[in-house]
Amino acid sequence: MEAAPRPLPMPLARRRIPKAVRRKRLLVAVADHAVLIGLAIAFLAPFVFIILTALMTSDQALSSHLWPEPFHFSNFADVFDRAPLFRYGVNTFLYAGLATIGMLISSVPVAYALSKLRWKGRDVVFILVLVTMMLPPQVTIVPLYVMFSKLHLIGSIWPLVIPNWFGDAFSIFLLRQFFLTIPDEYADAARMDGAGEFRVMLHVVVRLAKPALVAVALFSFLFAWNDFFGPLLYTGENQNNWTLSVGLAQFRTLHQVQWNLTMAATLLFMAPVIALFFAAQKAFVEGVTLTGVKG
Amino acid sequence: MSTAVAGGAVGTPAAPTPDRLRARRKAAWRRRRFVLLLMSPWLVGFAIFFGYPLIYSVYLSFTHYDLLSAPRWVGLANYRFLFGADQQVWPAVYNTLWMIVIAVPLQVLFAFSVALMITRARLGVGFFRTVFYLPTMAPAVAATLGFVFLFNPATGPVNTILGAIGIQGPLWFQSPSLSKPSLTLLGIWGVGNTMIIFLAALLDVPKHLYESAELDGAGWWQRMRWVTLPTISPVILFAVVIGVIEGLQYFTEGYVASTVAAGGAGGGAGDATNNLGYPQDSTLFYPLLLYQQGFRYFNMGYASAMAVMLLVVSLAVTVVILRRSDRFVHYAGAMR
């Protein structure tokens, strides 16, 4: 750190930083960290208060005390009596799981064709994919609802799952961006070895794109897990098929002012995705970066 | 079978024999069939779940339709009602515009500032990144519920803490003038994705640019103005664009905040629909009104007219974005 205090009159001696500048830099660094720490506390506070409230008794949650006394862990069991959370959880898991599988099976080939194969009309199709990605879902929602109602699928999770089996625009976009970064030489080498086009796709490109596949699958699963508009629209009338987000949104309206139970349910809903985040943090950050920088 | 099938790498362009021509045409045809096979899921999905609903939506917007009886042609009546008589449309448009014009820039600015501070931090970079990203993981419904609780005027921790230091806390989600700012705070809490993107972009700014700027005697602001901002401008544009797109479809937070806050104010459990936009339509966003008209009142013709207007606006935004996409979409690898 304290390198060569020897005075050098040469022009390149700018290494030696004047004391005033050094002090200023130190102050700036301290200020930076202070602001960051303050913001970090503010960002964590909601979680802390949600957890604390989830551990309160009903009476206490109605008071202005912030610290639970005693810790009331049974809230987490009670919420299962108040609402069929387990059932909502299964529904949510089915929706998210089936949607993700379908998305992968249908979107990978499309992204491959849009990035690694040359054909007429490819650019036009890619622009159409971008357009479907950018338009609000509400634009087509009325006819879709009518269509699924004619198929007698309203009240089930199928209207949420089925479209994912026909390619998801965001996933296609993301996968394409990643496939483009894979050099063609690998595929060409496989072709020289006599691999068919299908094998080239599955065994060379897809294998090299594994991190992107993981990220896209995570995004898709999370989108479905967190989705509210779709489940509200299609399963709203049939409580048996509610997902966690719909069930939780109604929870508070059904159980007036019991913030402790509401927060316990909220925590149970958040916990799996937060656990997932910590388990796959690297994939997330890389995936998000892919959307913004390369995409 | 043939080795000249794939890859587009054609051998020597010597005078082709008819045999060769046929083989080549066969190969081209096979390649096209393969593309078609790969694209088929999307083609079918695009037609059924996008193209057809889009066209049918336009047709329905000229009809009266309640799902039970067949659509009845009413000409421009829905549009006349939309632009003239409906008392709720303009508040809804105003609220949606408010989120796009005020909340989105604030969120982008916040994300940028945090990312900038993290790049300059020496200690705990990983910790800060995780903390600021974490709220993004909270499902929208859960995050909104949490915030309505945190800011509830009676027992919420925010007003409790404000009270402890002698400030009378406001009504937050139950106040018509503060409900949207409260939702903005919620948005800022969930700004992690944008922050991560800014962080990556800031770390990508070539170091030597800063060094040469410094040699030229550029101060902090000049380096920011002439090096950082120009280099990451595509990312700023991207963040704003994403914000606008999300602003146009802003639904979940508004729905949950209004229905839950209304319940807490003693509005009674009852039918949540009546509470959409609570308080006083201040959180009635355009997609919420569309949902209410279409799927609560089953005015599906009218909801379609609303959808068509949303389509027109979003298409305009999309066209602007795509025409400038070369500015912010960086195509890695060779692309034409």
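Per chain, residue numbering runs from 1 following the sequence as it is written. Here every chain gets a letter starting at A, and every ligand a number starting at 1, in the order they are written. Where totals are concerned, whole chains, interfaces and linings use all residues; where local detail is concerned, this predicted model gives features only for residues with pLDDT of at least 70, and gives and counts side-chain atom pairs only at 80 or more.

**Details of the overall build of chain B**
- Numbering of helices and strands runs from the N terminus, with a helix taken as a DSSP run of H or I at least four residues long and a strand as a DSSP run of E at least two residues long. Helix and strand counts for chain B come out as 14 helices and two strands.
- Exposed residues have 12 or fewer other C-beta atoms within 10 Å of their own C-beta, buried residues have 20 or more, and residues in between are partly exposed; the C-beta atoms are placed from the backbone. By residue count, 41% of the 336 residues in chain B fall in the buried class.
- Once C-beta atoms have been placed from the backbone, residue pairs whose C-beta atoms lie within 7 Å are recorded as contacts. A separation of at least 24 residues holds for 67% of the contacts in chain B among residues at least 6 apart in sequence.

**Some words on the overall build of chain A**
- If you tally the helices and strands in chain A, you get 15 helices and zero strands.
- In this treatment the radius of gyration is a C-alpha quantity, and the globule benchmark scales as 2.2 Å times the residue count to the 0.38 power. Scaling as 2.2 N^0.38, a compact globule of 295 residues should have a C-alpha radius of gyration of about 19 Å, whereas chain A reaches 26 Å, well beyond that.
- By principal-axis analysis of the C-alpha atoms, chain A measures approximately 85 × 70 × 35 Å.
- Within chain A, the proportion of its 295 residues that are buried is 44%.
- A separation of at least 24 residues holds for 74% of the contacts in chain A among residues at least 6 apart in sequence.

**Comments concerning the domain arrangement of chain A**
All names here are of chain A.
- As annotated, the domain borders come from an automatic or database domain assignment. Domains assigned within chain A are domain 1 (13–75) and domain 2 (84–294).
- Computed over C-alpha atoms only, the centres of domain 1 and domain 2 are separated by 34 Å.
- Of the residues lining the interface, ten residues belong to domain 1; the matching set on domain 2 comes to nine residues.
- Looking at the side of domain 1 that touches domain 2, the element that brings in the most residues is helix α1 (residues 19–54), giving four residues.
- Throughout this entry, Asp, Glu, Lys and Arg are counted as charged residues, while Ala, Val, Leu, Ile, Met, Phe, Trp, Tyr, Cys and Pro are counted as nonpolar. The remaining residues, Gly among them, count as polar. Looking at the side of domain 1 that touches domain 2, its residues break down into six nonpolar, four polar and no charged.

**As for helix α4 (residues 85–115) of chain A**
- With 31 residues, α4 of chain A extends 43 Å from end C-alpha to end C-alpha; this agrees with the ideal 45 Å at 1.5 Å per step.
- What we call the bend at a residue is the angle made by axes fitted to the seven residues finishing there and the seven residues starting there. The axis of α4 of chain A is deflected most strongly, by about 30 degrees, at Ser107 of chain A, and proline Pro109 of chain A appears within four residues downstream. In this scheme, a helix's expected span is set at 1.5 Å multiplied by one less than its residue total.

**Some remarks on the interface of chain B and chain A**
- With 86 residues of chain B in contact, the opposing surface of chain A contributes 83 residues.
- Here the side of chain B that touches chain A takes 17 residues from helix α1 (residues 18–60) of chain B, the largest share from any one element.
- Of the residues contributing to the side of chain B that touches chain A, the split by class is 63 nonpolar, 19 polar and four charged.

**Observations regarding the confidence of the model for chain A**
- Per-residue pLDDT for chain A has a mean of 85; in total, 91% of the residues score no lower than 70.
- Per-residue confidence from the predictor is reported as pLDDT, a score between 0 and 100. The secondary structure element of chain A with the lowest average pLDDT is helix α15 (residues 281–294) of chain A, at 70, and the one with the highest is helix α7 (residues 158–161) of chain A, at 95.

**A look at the nonpolar core**
- Counting 165 residues, the largest nonpolar core has Leu175 of chain A together with Met195 and Ala307 of chain B as the members making the most contacts within it.
- The biggest single contributor to this core is α4 of chain A, with twelve residues.
- For this core, the domains that each give at least three residues are domain 1 (13–75) and domain 2 (84–294) of chain A. Note on terminology: a nonpolar core is a set of buried residues of type Ala, Val, Leu, Ile, Met, Phe, Trp, Tyr or Cys, with members joined through C-beta atoms within 7 Å.

**Some thoughts on the confidence of the model for chain B**
All names here are of chain B.
- Counting all residues, the mean pLDDT for chain B is 85, and 88% of those residues have values of 70 or more.
- In this model residues 1–11 is a low-confidence stretch, pLDDT under 50, and it forms 13 contacts with partners more than four residues away in sequence or in other chains.
- Two summary scores accompany this predicted model of the complex, namely pTM at 0.86 and ipTM at 0.86.

**A short note on unusual backbone geometry**
All names here are of chain B.
- For the peptide bond that leads from Tyr278 to Pro279, omega is -5 degrees, which places it in the cis range.
- Following the sequence through the fold, Pro279 ends up in the loop between α11 (252–267) and α12 (286–296).
- The residue Leu67 is not glycine, and still its phi comes out positive at about 80 degrees.
- Take Leu67: it is sitting in the loop between β1 (63–64) and β2 (72–73).

**Examining the packing of α12 of chain B against helix α13 (residues 300–323) of chain B**
All names here are of chain B.
- Between N-to-C directions, angles span 0 to 180 degrees; the directions come from axes that are lines fitted to C-alpha atoms, helices contributing only their stretch in contact. Two numbers describe how α12 lies on α13: the axes approach to 8 Å, and their chain directions differ by 155 degrees. Considered as vectors, α12 and α13 are oriented roughly antiparallel to each other. Of the two possible hands of crossing, α12 and α13 adopt the one that is left-handed. Across from Tyr286, Leu289, Leu290, Gln293 and Gly294 in α12, the residues of α13 making contact are Met300, Tyr302, Ala303, Met306, Ala307 and Leu310.
- Residues belonging to the contact of α12 with α13 are distributed by class as follows: nine nonpolar, two polar and no charged. Note on terminology: angles under 35 degrees are roughly parallel, angles over 145 are roughly antiparallel, angles of 65 to 115 are roughly perpendicular, and the others are oblique. Helix crossings get a hand from a simple test, with the near helix turned counterclockwise from the far one by less than a right angle marking a left-handed crossing and a clockwise turn marking a right-handed one.

**Description of the environment of Arg32 of chain B**
- Here Arg32 of chain B shows up in helix α1.
- C-alpha separation for the pair Arg32 of chain B and Met195 of chain B, spaced 163 residues apart in sequence, amounts to 42 Å.

**As for the environment of Val319 of chain B**
- Relative to the helices and strands, Val319 of chain B is located in helix α13.
- Along the backbone, Val319 of chain B and Ser212 of chain B are 107 residues apart, and their C-alpha atoms lie at a distance of 38 Å.

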